[in-house]
Amino acid sequence: MLTIDVATRWIDRWDRQQEGYLPDREERFTALIDAVEAGVGRPDPLVIDLGCGPGSLSARLLDRLPGATVVAVDADPLLLSLARAAYGDRDGLRLADLDLREPGWSRALGLDRPADVAVSTTALHWLAEPHLRAVYAELATVLRPGGLFLNGDHFSSEDTTPELARLERAVHESEERRRFAGGRPEDWRQWWDAIAADPDLAGVAAPRPATAAHHGSESLHLSTHVEALRAAGFAEIGTLWQRGDNRLLCAVRP
């Protein structure tokens, strides 16, 4: 059985390896939750967390907004197992094992009212553009009028503004050099190899092959996300927070 101590240890280690790619990850979390708090206008928002992984963002949301209900969605059984062991007893959190690439995922959430906001961090770049467009179109059907979508990720502008994209990447790389002057944390592949070898996780669900083998981005361009959101019917779309190519993208449902 996966204990809370083991799950918490591996989630902490997950957070550290993610910071190897996003040295200002916690700042982006803070900006995202600030936007949720300011944008929904109520202490008990209904939030959808798309691609929640082991629940890092969902837990931080509930720390700040204990009256919220967070429906956290992912399809990887190992990451969801960590989230359930660490956070499964938290009031307001519901974990949903759903593949966003499968049409109808929003109906399977079982929402009793339209969501106030949907959030995601470092997750939706996995989706190829046709799937991304379908996810955004379906998401628009379950957000209330005026509802927000907040997506934190690396977004490249190299297809539209190549010189700005070069400078954005340089800013990010400068921050990495400062933050990791004493050595970088383990990377994505090392984390997955280590967790697969941990005897404390024997019998726990294995990751989906596509997860452990993931490399790079399918939908890395800012323009891809903006165009897909616009096609889904979102109105105002823009960047709320940025450091280099690390952005918090916001879209408003009319």
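In this text, all values refer to a predicted model and were calculated from it rather than measured experimentally. (Residues numbered from 1 in each chain as written. Predicted model: local features only at pLDDT ≥ 70, side-chain atom pairs only at ≥ 80, totals over all residues. Heavy atoms only, no water.)

## Here's the deal with helix α5 (residues 129-140)
Point 1. Compared with an ideal rise of 1.5 Å per residue, which puts twelve residues at 16 Å, α5 spans 17 Å between its outermost C-alpha atoms and is within 8% of the ideal.
Point 2. When we look at burial in α5, the residues that qualify are Leu-132, Val-135, Tyr-136, Glu-138, Leu-139 and Ala-140. (Helix = DSSP H or I, 4+ residues; strand = E, 2+ residues; numbered from the N terminus. Expected span 1.5 Å × (residues − 1). Buried < 20%, exposed > 50% of the residue type's maximum accessible area, 1.4 Å probe, protein only.)

## Some remarks on the UniProt feature "domain: Methyltransferase" (unreviewed entry) in the protein
Point 1. In the numbering adopted here, UniProt assigns the feature "domain: Methyltransferase" (unreviewed entry) to residues 47-147.
Point 2. Helix and strand shares over residues 47-147 are 32% and 27% respectively, and the end C-alpha atoms of the span are 10 Å apart. (UniProt positions renumbered as here; feature names shortened; annotations may be inferred.)

## Concerning the packing of helix α4 (residues 77-87) against helix α7 (residues 188-196)
Point 1. Look at α4 against α7: their axes get within 13 Å of each other, and the N-to-C directions meet at 70 degrees. Compared by their axis directions, α4 and α7 come out roughly perpendicular. Along the contact surface, α4 presents Leu-78, Leu-79 and Leu-82, while α7 presents Trp-191, Trp-192 and Ile-195. (Axes fitted to C-alpha atoms, helices over the stretch in contact; angles between N-to-C directions. Parallel < 35°, antiparallel > 145°, perpendicular 65-115°, else oblique. Contact = heavy atoms within 4.5 Å.)

## Brief notes about the environment of Leu-32
Point 1. If you trace the backbone, Leu-32 turns up in helix α2 (residues 25-40).
Point 2. On the basis of relative accessibility, which here comes to 0%, the residue Leu-32 falls in the buried class.
Point 3. Spatially, the C-alpha atom of Leu-32 lies 20 Å from that of Leu-95, the residues being 63 residues apart in sequence.
Point 4. Among residues more than four places away in sequence, those in contact with Leu-32 are Leu-57, Val-119, Ser-120, Thr-121, Leu-150 and Leu-248.

## As for the sheet that holds strand β3 (residues 93-97)
Point 1. Across the sheet, which stays open at both edges, the seven strands sit in the order β3-β2-β1-β4-β5-β7-β6 with mixed pairing between neighbours. Pairing within the sheet leaves two strands with one partner each, and these edge strands are β3 and β6 (237-243). Across the sheet, the mean angle from the axis of one strand to that of its neighbour is 20 degrees, orientation sign disregarded.
Point 2. Sitting on the sheet, α5 touches β1 (46-50), β4 (115-121) and β5 (143-154), and the angle it makes with β5 is about 150 degrees.
Point 3. Here helix α6 (residues 162-179) sits on the sheet in contact with β5, β6 and β7 (246-252), set at roughly 35 degrees to β6. (Pairing = 2+ DSSP bridges.)

## Remarks on the side chain of Thr-224
Point 1. Locating Thr-224 in the fold gives a position in helix α9 (residues 222-231).
Point 2. What makes Thr-224 buried here is its relative accessible area of 11%.
Point 3. Non-local contacts of Thr-224, meaning those with residues more than four positions away in its chain, are made with Glu-129, Leu-132 and Ser-219.

## Observations concerning the packing of α5 against α9
Point 1. Relative orientation of the contacting elements α5 and α9 amounts to 40 degrees, with a least axis distance of 8 Å. One way to sum up the angle between α5 and α9 is to call them oblique. Two packed elements cross with a definite hand, and for α5 against α9 that hand is right-handed. Listed contacts from α9 to Glu-129, Leu-132, Arg-133 and Tyr-136 of α5 are Thr-224, His-225, Glu-227, Ala-228, Leu-229 and Ala-231.
Point 2. By residue class, the composition of the contact of α5 with α9 is five nonpolar, two polar and three charged. (Left-handed = near helix turned anticlockwise from the far one by under 90°. Nonpolar A, V, L, I, M, F, W, Y, C, P; charged D, E, K, R; others polar.)

## Some words on the pattern of salt bridges
Point 1. With the rule as written, the count across this model stands at 25 salt bridges.
Point 2. When the shortest N-O distance is used, the salt bridge between Asp-34 and Arg-64 registers 3.0 Å. One end of the pair, Asp-34, is in helix α2; the other, Arg-64, is in helix α3 (residues 56-64), with 30 residues separating them in the sequence.
Point 3. Given a relative accessible area of 30%, Arg-64 falls into the partly exposed group.
Point 4. Salt bridges linked by common partners bring Asp-24, Glu-175, Arg-178, Arg-179 and Arg-243 together as one network. (Salt bridge = Lys/Arg side-chain N within 4 Å of Asp/Glu carboxyl O.)

## Quick look at the pairing of β4
Point 1. The element β4 is largely enclosed, with a buried count of seven among its seven residues.
Point 2. Bridging between β1 and β4 involves three bridges; their strand directions are parallel. Considered in β4, the bridge of Ile-48 is made with Ala-118.
Point 3. Alignment of β4 against β5, held across six bridges, turns out to be parallel. Of the residues in β5, the one forming a bridge with Thr-121 is Gly-152.

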